[in-house]
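Structural overview
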Amino acid sequence: MGIYRVTHLPTGRTLLGQSTHVEGMLNRLRFQLQAGGHTNKPMQRDWNTHGPESFTFEVVDELKPQTPGEEPVDDLKELLALWQEKLNIPLDQQY
C-alpha cells in the first residue's frame, strides 16, 4: 500500500493518489488508458495524443502495515496529504 504518481511528461500534469494495493492501481490506470476508457478525460486525451511513452507511473512511497493484513486507511490519507504538501503541484498541473 502506498502513494502513487502518474505524470504526463510533456505538460507535467500529475495524478497523485493512494491505494491499499498501489501496484495494482497503477496497472489498472495503465489498462484503462490503453483501453481508451479512463474516466479522467484530460488524462485520456493526453494519452491518446502523445502515447504511453509520454507518461511515467511510479510508487512514490510505501506504507508497511504494523500487523499482517492490516490496511491503515487513515495513515494512507495522512501520507497522501504529506506528499501533496511536499510536491506542491499547482492546480493547473493536476489531473
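Details of the structure are given in the entry above.
Residues numbered from 1 in each chain as written. Predicted model: local features only at pLDDT ≥ 70, side-chain atom pairs only at ≥ 80, totals over all residues. Heavy atoms only, no water.

**Brief notes about the packing of aromatic side chains**
For clarity, the cut-off: Aromatic pairing here means that ring centres of Phe, Tyr or Trp (its six-membered ring) are within 6.5 Å. Orientation follows from the plane angle: under 30 degrees is stacked, over 60 is edge-to-face, and everything else is tilted. Relative accessible area decides the class of each residue, using a 1.4 Å probe on protein chains only: under 20% of the type maximum gives buried, over 50% gives exposed, and in between gives partly exposed. Any Lys NZ or Arg CZ that is within 6 Å of a ring centre and within 35 degrees of that ring's normal is treated as a charge sitting over the ring.
For the structure on display, the rule yields three aromatic pairs. Consider the rings of W47 and F55, whose centres lie 5.4 Å apart with planes at 45 degrees: the pair is tilted. The class of W47 is buried, set by a relative accessible area of 7%. The buried category is assigned to F55, whose relative accessible area is 6%. An aromatic cluster of three or more residues is present, and its members are W47, F55 and F57. Seen from the ring of F57, R30 lies directly overhead, with NZ or CZ sitting 4.5 Å from the centre.

**Regarding the pairing of strand β1 (residues 2–8)**
Using the following cut-off: Strands are runs of DSSP state E lasting at least 2 residues, helices are runs of H or I lasting at least 4, and numbering of each runs from the N terminus. Any two strands with at least two DSSP-identified bridges between them are counted as paired.
Most of β1 sits inside the fold, with six of its seven residues counted as buried. Relative to strand β2 (residues 14–19), β1 runs antiparallel, the two sharing six bridges. Paired with G2 across the two strands is S19, which belongs to β2. In sequence, β1 turns back onto β2 through a hairpin of five residues, with G12 there showing a positive phi of about 80 degrees.

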